[in-house]
Amino acid sequence: MRHISLAALVACLALVAAFAGASEEPPGTSEATGDCLMCHRQVTPAAVADWEKSAHAKTTMSRALGKKKIESKVSADVAPEKLGEVSVGCAECHVAGGEPRKGDFDHNGFSVRLVVTPADCARCHPAEADEYSMNIMSRAHGNLANNPLYMDLANNINATMAFEDGKLKTKPPNGPTSAESCFSCHGTALTVTGSATRDTDLGEMEFPVFSGWPNDGVGRVNPDGSMGSCSPCHPRHAFSMAQARSPYACANCHKGPDVPAFKVYMVSKHGALYSGSGDGWDMAAVPWTAGEDFTAPTCAACHISLVAKGDGEVVQKRTHRMNDRLSLRLFGPVYAVPHPKSPDTSAIVNKDGQPLPATLGGELASEHLIGRDEMKKRRAAMRSVCQSCHGEGWVGGHFERLDNTVAETNDSTRAASAMLGEGWKQGLAAGPPASIFDEPFERMWVEHWLFYANSVRFASAMAGADYGVFADGRFQMTSNLLRMEAALVGGAGKSGDGGGREKKAGGQ
Amino acid sequence: MRHISLAALVACLALVAAFAGASEEPPGTSEATGDCLMCHRQVTPAAVADWEKSAHAKTTMSRALGKKKIESKVSADVAPEKLGEVSVGCAECHVAGGEPRKGDFDHNGFSVRLVVTPADCARCHPAEADEYSMNIMSRAHGNLANNPLYMDLANNINATMAFEDGKLKTKPPNGPTSAESCFSCHGTALTVTGSATRDTDLGEMEFPVFSGWPNDGVGRVNPDGSMGSCSPCHPRHAFSMAQARSPYACANCHKGPDVPAFKVYMVSKHGALYSGSGDGWDMAAVPWTAGEDFTAPTCAACHISLVAKGDGEVVQKRTHRMNDRLSLRLFGPVYAVPHPKSPDTSAIVNKDGQPLPATLGGELASEHLIGRDEMKKRRAAMRSVCQSCHGEGWVGGHFERLDNTVAETNDSTRAASAMLGEGWKQGLAAGPPASIFDEPFERMWVEHWLFYANSVRFASAMAGADYGVFADGRFQMTSNLLRMEAALVGGAGKSGDGGGREKKAGGQ
Amino acid sequence: MRHISLAALVACLALVAAFAGASEEPPGTSEATGDCLMCHRQVTPAAVADWEKSAHAKTTMSRALGKKKIESKVSADVAPEKLGEVSVGCAECHVAGGEPRKGDFDHNGFSVRLVVTPADCARCHPAEADEYSMNIMSRAHGNLANNPLYMDLANNINATMAFEDGKLKTKPPNGPTSAESCFSCHGTALTVTGSATRDTDLGEMEFPVFSGWPNDGVGRVNPDGSMGSCSPCHPRHAFSMAQARSPYACANCHKGPDVPAFKVYMVSKHGALYSGSGDGWDMAAVPWTAGEDFTAPTCAACHISLVAKGDGEVVQKRTHRMNDRLSLRLFGPVYAVPHPKSPDTSAIVNKDGQPLPATLGGELASEHLIGRDEMKKRRAAMRSVCQSCHGEGWVGGHFERLDNTVAETNDSTRAASAMLGEGWKQGLAAGPPASIFDEPFERMWVEHWLFYANSVRFASAMAGADYGVFADGRFQMTSNLLRMEAALVGGAGKSGDGGGREKKAGGQ
């Protein structure tokens, strides 16, 4: 029994080596982080444990900088001060460096900041932070808050209502309601409103108080003036790239009927493969090799990730300006439009003076939108990812359909808007200057473009047909138009004498 | 090649040890279970195979009792008779012990019971069974069946309808329909209605027949008078704790628009982390250490599980009275209310004599509901789980928003109820003593509180904003109120002359 | 340290053996496939990488034929020409063999076909292709395209609408819209419309152009006249059986409210177990042993797979004629009916001359439907799968409820159809010969059977109660009937003076 075969020995050694490789000597923490951990292992133990499993806890900037460029997750050329040889721990992010900032506070001898922002992450990941600042998502707060038309929609949706004297009295939503509804995803504006003394295990302590807290929206306005947050997609305190590549990371904000990207993905073949066979994929590989590391793309593969071929050739470079591969803006505005030039869409004004990239009749505010060449370039970037798996004929056919669907849904929205105008004339609802979002007939119009046309377009763009037909799709879109028509006086259908219930009522 | 390195040897031995540890010598089955298995390996092979992989098949009460208290899944102090040294097999649960019970029947020489109940499980898990009996879920059958108002709702929902002489004729649902709809989750009442002879592989045999069978509802009324079932969450025949900790265990009954807990969870950051990164979590660890075993809570972590810190300190003890950490009852009644004192809510009577914890106007039946101190205690219990990961400011801000949302949605329901009353006056629908659930206008009111207000509250409670806005959320809630108003005669909106389609019709 | 224990050695050797087993010597590719790979590793690298991980790349027909029958995935008795000793690579499927076919084209010296069809797969998998050709899914294109009534529904759903002169003008959908909506799942008809020259990395090349491309629908009409495609369920280029067994494979087309099989599955206990505990299941085992390889069935287990007991006894043989275990057709037609005899349902004519298996009043076109004996046989086949885990009483009770629900939902549809007829009489909508799908009142009728009755039946069939009640279930079904009644003139409810908003309006 002392005679072990050569093969067995080699295999054992290979196993041992594999094990050894997985447990590279962890780096030390900084002294400051060590101090944090002394209490926080007890106070927020799960946050600490989560971090301990993170790449941040297991590496240093020096090690990261030693990797091949294509395998690197950091974009800084040199390690920030004091960050070269220690793990990226509590203090490296939370102990205020650089300019003092609103909300920094003294905490057991350290100047601590609760709210870590893209500006903090930028010390090691400057390219990502920079790109993200040019990404429309980073402006999601202002793109809503500074757009009076959309804020009127938001306030009507979230309104508090009371029935008094035979009528609904409407009050705009209060701060907490706004913060947990639209601005939950769009991001709140965090402002320091004071400080509070709290009884902790270690005695009384003083903490800053922020209005709009908690929030982890993609366009959060931070105390340092930076916009956005990295943790909606790379959640605290592991900040995992694998998690951000999961479609579930995007589902947080992209699942409702207004922007059903996740739901459409899940009924696409891509989603079926991810869900049915994704267990064996390598979600953490850098670069991310199509076919080898993953069989079908997740959201990140198409929109963000550094995607490579098996021989290392780059298919698409990583970008956190996610519209780099998007020629069209499919959702958000009333009409699908070429992508806005600036991430700040609140500055857009259309011909009718509205803060929208097209008039209600569908005429584009072209000067605010990217032109043909840029659209072509972005489409080509997206196609290059598709063509990792699909032939040119397949991909070409796919995008022809998308362009057709964008045109058809926009036409359909034109019909809805025309009926809205007619309804205002007939007194079915009060149009501008009154709110255009606070009456049932107007809500039908909102459902048309915000739910149905969006769903149909996403279903086309991501090949998830189910959501293009019966799940908030073309069935609901045409039914809604028919009901709008029936509500109009004289809007008779084919039957001459009023085509339906509402028509009957409306036509009397 | 005979010189193996020390490290390699150690690693190999560690692997070997790990393997060995996983295969502790399985205990023997009892003689009776052995008899069961002889036939049932052939007759219900998958049920047997499932059990063979269970903890029940791999351990004994003696071994379980030998564990440290905090690591133990059993709460009995001593092993029940005959259960000490054998695996927990077929006979240990299905061969009737103790008092004879309706439905026990002779089966090849054994007195067998088909329906295993919490009373059976209580022999090893008495604390869990006891807690569960005080859990509102265990009374789910009677809380519906004995509440005439809710039974009227159920019967109208499930009614059979025929169109005769120009009118809909409504018949209440028959037994099978009721059993597979509301009582599928609420639990049926199992009663022995006779017996049947069946041709089996082993000749003719006699079996008892139960009305209400099959059923696995959380409030099933069992032949022994016990209420509930353990297998809705710990499904037969593995009875896995890991499965019960999966959010999918709860989704069975908590996914529809009336109680969209699962859907809200899945659009929360918690759900995103579970779905995107949960593969590596240890769902079976006892105690369950936040941050180490799991990164984000599942339903069980917040509501049920024994949650510990890394140093073994208990954050929250395990409880199967799931309302121990719930100060509020967010869904079920028309208004969100402080949690009922008793799990039997059918005994509640409000000021207006209705079996509801608040009047239709929203006035609380406070004597049936927990008071401020108990609410505070329960809220504190829940907060302690949150604070494993989140700071106090984050947690405080979260619950401030929830309390605000509870107040606002209740106000909103007050408006809907007031319009319902006005509609009854105007003859839009016939109010009490007629059913309040059988006309379109009344159904709008039901949708208000049962779907929209519930969704908004869950979205707030579990931070899944998508379901608070566009997915059965505030958009639908305010649209519904506007449509109800429009249906009322004279319920003009801002426009003076009727604000919408229905308003137009109604106001003529 | 040279003294290794016997156990350690044995364990190491076992590990080594396990490793060795996993890496059986891969077969060589054919010369032609080698030529393909030379360019395509670069041109469509992910498709190649995906294939490299497939069973096709790792085995040969000779090896497959050497397996025990019950473990085999191929049904050919002998290897097709040239396919015995090489892996099943690009050329084996894409380089045209047999009769020349429309769309074959010269590609670097090979006669290549882009569109691989069931006829190609049939060379190794003839039984599966043959069964699938008798499966109703293989005719999904024609069953829609050749049914004028359903095409009218489809065209109304997908119509383009414009509002002109106070009316909606409706245009039928164009080709791309039809292809990406209904025919996305039903399958397009692929026809060669010409050829295109494309600039590739290797110079200009000529490719055929297909109308209807891309498409991967289950009933695709192929250039060789064959119907269907294997890749909707076994996606390119891994063609994995494990993927096809995942419920997500079916979700692509069976998730919307018209056929919510996937959603119902996910709220059933089966779905909860798959989602919560499926990680440890062996989705690739052949045969598939209930309880051992999987704890709860996926779609495939009940409808398609070769399911066995632990002792190797076959519970149900594999079938790709998926209706072999289905006695009823629950969705698709207006009424649930005994399963059609022929997969080509477009040939069905009912008593009223409509291409439907029942009249609008619910009278069966029995001559086109399977009889009692065949229904019984199919039900027995399905029950045998259930009884792997469940006792006969459980299974019997389950199917009694299903039969009851089929009868009750059909009754309910009768009521809706009767009200539709009454509405036509009253002029609420224009009935035949005008379209019966293009007015709001008619859409309510469509929603009744297409969404609500279907959902209720699926919820019953697959024990996913949530979708039978509040999620497009009985609540919505009865609400919809009440609203239809209210729209009818004189259709007063119990209150005598008009039961609701719409009733009020309608009754004026």
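Residues numbered from 1 in each chain as written. Chains lettered and ligands numbered in written order. Predicted model: local features only at pLDDT ≥ 70, side-chain atom pairs only at ≥ 80, totals over all residues. Heavy atoms only, no water.

Caption draft 1: Main features of the state of the cysteines. The full count for this structure, using the stated rule, is three disulfides over all chains. The disulfide bridge from Cys185(B) ends at Cys253(B), spanning 2.3 Å between sulfur atoms. Across the S-S bond linking Cys185(B) and Cys253(B), the dihedral sits near -95°, which makes this disulfide left-handed. Separated by 68 residues along the polypeptide, Cys185(B) in helix α12 (residues 182–186) and Cys253(B) in the loop between α14 (247–251) and α15 (261–266) bring together distant segments of the chain. The structure places no disulfide on Cys121(A), whose sulfur is separated from the nearest cysteine sulfur, that of Cys230(A), by 3.8 Å. Note on Cys121(A): relative accessible area 28%, which makes it partly exposed. The closest cysteine sulfur to the non-disulfide-bonded Cys93(B) is located on Cys121(B), 6.4 Å from its own sulfur. (Disulfide = S-S within 2.5 Å. Helix = DSSP H or I, 4+ residues; strand = E, 2+ residues; numbered from the N terminus. Buried < 20%, exposed > 50% of the residue type's maximum accessible area, 1.4 Å probe, protein only.)

Caption draft 2: Summary view of the side chain of Thr33(B). In this structure, Thr33(B) sits in helix α2 (residues 31–43). In this structure the side chain of Thr33(B) is engaged in a polar contact, spanning 3.0 Å, whose partner is the backbone nitrogen of Ala91(B). (Polar contact = N/O pair within 3.5 Å; in protein donor to acceptor, adjacent residues only side chain to side chain.)

Caption draft 3: Structural detail: the confidence of the model for chain A. All names here are of chain A. Looking at chain A as a whole, its pLDDT mean stands at 92, while 92% of the residues score no less than 70. Ignoring residues within four places in sequence, the model shows residues 1–11, a span with pLDDT below 50, making 17 contacts including any to other chains. Our summary of model confidence lists the complex with pTM equal to 0.94 and ipTM equal to 0.93. (pLDDT = per-residue confidence, 0-100. Contact = heavy atoms within 4.5 Å.)

Caption draft 4: Examining the pairing of strand β3 (residues 160–164) of chain C more closely. Residue and element names in this part refer to chain C. Judged from the five bridges that link them, β3 and strand β4 (residues 167–171) form a sheet pairing that is antiparallel. In the sheet register, Phe163 faces β4, and the bridge partner there is Leu168. What sits between β3 and β4 in their antiparallel hairpin is a turn of two residues, with Asp165 showing a positive phi close to 50°. (Pairing = 2+ DSSP bridges.)

Caption draft 5: Molecular detail of the packing of α2(B) against helix α3 (residues 45–52) of chain B. Residue and element names in this part refer to chain B. At a minimum axis separation of 6 Å, α2 and α3 run at an interaxial angle of 125°. In terms of orientation, α2 lies oblique with respect to α3. Only Pro45, Val48, Trp51 and Glu52 of α3 make contact with α2, whose side of the interface consists of Thr33, Leu37, His40, Arg41, Gln42 and Val43. Residues belonging to the contact of α2 with α3 are distributed by class as follows: five nonpolar, three polar and two charged. (Axes fitted to C-alpha atoms, helices over the stretch in contact; angles between N-to-C directions. Parallel < 35°, antiparallel > 145°, perpendicular 65-115°, else oblique. Nonpolar A, V, L, I, M, F, W, Y, C, P; charged D, E, K, R; others polar.)

Caption draft 6: A look at helix α19 (residues 392–426) of chain B. Relative to the 51 Å expected for 35 residues at 1.5 Å per residue, α19(B) spans 51 Å between its end C-alpha atoms, a close match to the ideal helical length. Positive phi appears at Gly427(B), one or two residues downstream of α19(B), with a value of about 80°. (Expected span 1.5 Å × (residues − 1).)

Caption draft 7: Spotlight on the sheet that holds strand β9 (residues 314–316) of chain B. The mixed open sheet is built from three strands, whose spatial order is β7-β8-β9 (chain B). Each edge of the open sheet carries a strand with a single partner, namely β7 (288–289) and β9 of chain B.

Caption draft 8: Layout of the side chain of Thr359(C). Mapped onto the elements of the fold, Thr359(C) is located in the loop between β11 (337–338) and α18 (372–386). With sequence-adjacent residues up to four places away left out, Thr359(C) is seen in contact with Tyr335(C), Asn350(C), Lys351(C), Asp352(C) and Gln354(C).

Caption draft 9: Focus on helix α3 (residues 45–52) of chain A. A large share of α3(A) lies buried, amounting to seven of its eight residues. Looking at α3(A), one finds that the buried residues are Pro45(A), Ala46(A), Ala47(A), Val48(A), Ala49(A), Asp50(A) and Trp51(A).

Caption draft 10: Spatial organisation of the sheet that holds strand β8 (residues 307–308) of chain A. All names here are of chain A. With mixed pairing, three strands are arranged side by side in an open sheet as β7-β8-β9. Each of the sheet's edge strands pairs with one partner strand only, and the pair in question is β7 (288–289) and β9 (314–316). Sheet analysis places β8 next to β9, joined by two bridges and oriented antiparallel. Note on β9: the bridge partner recorded for Val307 is Gln316.

Caption draft 11: The arrangement of a negative patch on the surface in detail. Residues Asp199(A), Glu204(A), Glu206(A) and Glu392(B) make up a contiguous surface patch of negative charge. On the secondary structure map, Glu206(A) appears in strand β6 (residues 203–211). (Patch = residues over 30% accessible without salt bridge, like charges linked within 9 Å, V, L, I, M, F, W, Y side chains within 5 Å. Areas by Shrake-Rupley, 256 points an atom, 1.4 Å probe, with all protein chains shown as cover. Salt bridge = Lys/Arg side-chain N within 4 Å of Asp/Glu carboxyl O. Lys, Arg positive; Asp, Glu negative; His and termini not counted. Charge placed at Lys NZ, Arg CZ, Asp CG, Glu CD.)

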